[in-house]
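Remarks on the overall topology
Below are the chains, spelled out letter by letter.
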Amino acid sequence: MPTSEIVSFEPASGQELFRASIGDVDEAVARAREAFPGWASRPVANRMELVRRFANEVRAAADDFAQLIARETGKPLWEAKTEVEAVINKVEISISAYMERTGQKKLDSALGGVAALRHKPHGIMAVLGPYNFPAHLPNGHIVPALIAGNTVVFKPSEKTPAVGAMLVECFHRAGIEKDVVQVLIGGPDEGKALVAHDAIDGILFTGSAQAGIAINRKCATNPGKILALEMGGNNPIVVTKTPLIEDAALLIARSAFTTAGQRCTAARRLIVTEDMYDRTVEAVKALTAKIIVDEPFADPQPFMGCVIDNQAADQLTESFLYLLSNGGKAIRHLRRIREDAPFVAPALIDTTAMEDRPDVELFGPLLQVIKVPDLDSAISEANNTRFGLSASLIGGSPEDFNHFWANIRAGIVNWNQPTNGASSKAPFGGLGLSGNHRPAAYYAADYCAYPVASSEIEQPRASLGVGFKVD
């Protein structure tokens, strides 16, 4: 019997946090359709003012919002606070991006007319959000979509519906009509129904490659429906010659274990040239042993919280055992810290000897280590994936980085910086199984509106060319 409610639990404690009835997809889409003409016809300056009010509403509720994020995701409070700040900062970044990426232009044309370029909203955008950043990532779609004049139906992850509901409540408190941006509480079935709905004009998705591919297939016969797919990665962090081993180890740990490894840009593969292998692995192992894993509000604050639920923790354990039984050598075991909650110790495993390393996104604090002879071999190994989101080079010369940058297949390419923590003032996206060349962040404006070219003149004017009889 299908369930009529969505219930979320605090992963760190197992306590029920939120319960709500599953929404009606057809009703939500119909309301969004009815609201679209009025919202789209508002001056863009008015829409921008309303999203600025939204930022102020989030700012006023920042402490409560951060606590809710920490409780529903299990991430440390300090990290939840940074997510709230990202939600606030997204507004001004999106306004700047809209003005730069979708600005109006007018050029002189024939007969005293003008050639104009303007942008129009698509219509109704379905936003499908993830659980790892349940406020920041969907907000990165919603704000640009609203500025452009679209209406939004937002389905948060069924694992983090409370944060999604609070995010939309802040839009409503800012004065944006309830039908212009709606939260649709639901599970996978409601997500599939939104994707398949004929009245949806665009789908803005962040999540797994499996789900993204399914969305792409479902919409293959409707090329007019805009798709922006951000689907994670099997991201490499490459280490070559550097004397700063401790700094390198810290960058690696930040890349692999921030947010308990539940970031699409998290490093999944540490690829080390053999002259750096022993010192690098020893330093990373020592640092990993010092990482505090604890509840969101623990004192002292942990670096890492739990993963999202026990199912995710079990899958990580199974993945580690698979690697171990197929040629991997444990450097630091992945172990369950508590049997009743999804706390796992960050793990390192050398998979150099594995003939067929699985090219999947292991979404958690599990880092594979691979030894290679030199930088060219490291680049080749880094590109040995169907994904292409983020990659980072640690060490080497400027010439080495130029060589790395030119040959690596990724949408984000860093040098002596972590693979994660991308700037919202830059485009964010990848290739292959990581995305469909619709980068988000600063470039979200590109998929929230489409360009319209016009040839205009105040009075009808025309002249005849060849091919007409003369009276």
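Keep in mind it's a predicted model, so treat the numbers as computed, not measured.

Below, the discussion takes up the overall build of the protein. Across its full length, the protein holds 14 helices and 19 strands. For the protein, the C-alpha atoms occupy an extent of roughly 90 × 55 × 40 Å along the three principal directions. Across the 471 residues in the protein, those meeting the buried criterion constitute 54%. For the protein, contacts bridging at least 24 residues in sequence account for 72% of all contacts bridging at least 6. By element, 51% of the accessible surface of the protein is carried by carbon and sulfur atoms, the whole surface being about 21200 Å². Placing the 46 positive and 55 negative side-chain charges of the protein at their respective mean positions leaves the two points 4 Å apart.

The subject of this paragraph is the environment of Ile 331. Its place among the elements puts Ile 331 in strand E12 (residues 329–332). In this structure the C-alpha to C-alpha distance between Ile 331 and Ala 148, which are 183 residues apart in sequence, comes to 50 Å. Not counting residues within four places of it along the chain, the set of residues in contact with Ile 331 comprises Tyr 277, Val 281, Lys 285, Leu 348, Ile 349, Asp 350 and Val 369.

This paragraph deals with the packing of aromatic side chains. Under the counting rule described, the total for this entry stands at 3 aromatic pairs. Taking 6.1 Å as the distance between ring centres and 80° as the angle between the ring planes, the aromatic pair formed by Tyr 131 and Phe 363 counts as edge-to-face. Remark: Phe 363 occurs in the loop between strand E13 (347–350) and strand E14 (366–372) and Tyr 131 occurs in the loop between strand E5 (124–128) and helix H5 (136–148); sequence separation between them is 232 residues. In this structure Tyr 131 comes out as buried when scored by relative accessible area, which is 19%. Relative to Trp 415, the ring of Phe 401 has its centre 5.2 Å away and its plane inclined at 10°; by these criteria the two rings are stacked. Of this pair, Phe 401 sits in helix H13 (residues 398–407) while Trp 415 sits in strand E16 (residues 412–415), and the two are 14 residues apart along the sequence.

Along the chain, Asp 64 falls in helix H3 (residues 62–73). When the C-alpha positions of Asp 64 and Met 166 are compared, they lie 9.8 Å apart, and in sequence the two are 102 residues distant.

Let's shift gears to the sheet that holds E5. Pairing is parallel across the open sheet formed by 5 strands, whose spatial order is E7-E6-E5-E8-E9. The sheet terminates laterally at strand E7 (181–183) and strand E9 (226–230), the two strands that pair on one side only. Here the average twist between neighbouring strands, direction ignored, is 15°. Bridging between E5 and strand E6 (residues 151–155) involves 5 bridges; their strand directions are parallel. What sits directly across from Val 127, in E6, is Phe 154. Helix H6 (residues 161–173) contacts E6 and E7 of the sheet and is inclined by roughly 155° relative to E7. Across the face of the sheet, helix H8 (residues 209–218) comes into contact with E5, strand E8 (202–206) and E9 while running at roughly 165° to E9.

Each value, and the rule that gives it
- Residues numbered from 1 in each chain as written.
- Predicted model: local features only at pLDDT ≥ 70, side-chain atom pairs only at ≥ 80, totals over all residues.
- Heavy atoms only, no water.
- Helix = DSSP H or I, 4+ residues; strand = E, 2+ residues; numbered from the N terminus.
- Buried < 20%, exposed > 50% of the residue type's maximum accessible area, 1.4 Å probe, protein only.
- Contact = heavy atoms within 4.5 Å.
- Areas by Shrake-Rupley, 256 points an atom, 1.4 Å probe, with all protein chains shown as cover.
- Lys, Arg positive; Asp, Glu negative; His and termini not counted.
- Charge placed at Lys NZ, Arg CZ, Asp CG, Glu CD.
- Phe/Tyr/Trp six-rings, centres within 6.5 Å; stacked < 30°, edge-to-face > 60°.
- Pairing = 2+ DSSP bridges.
- Axes fitted to C-alpha atoms, helices over the stretch in contact; angles between N-to-C directions.

On their own, these measurements won't tell you what the molecule is for.
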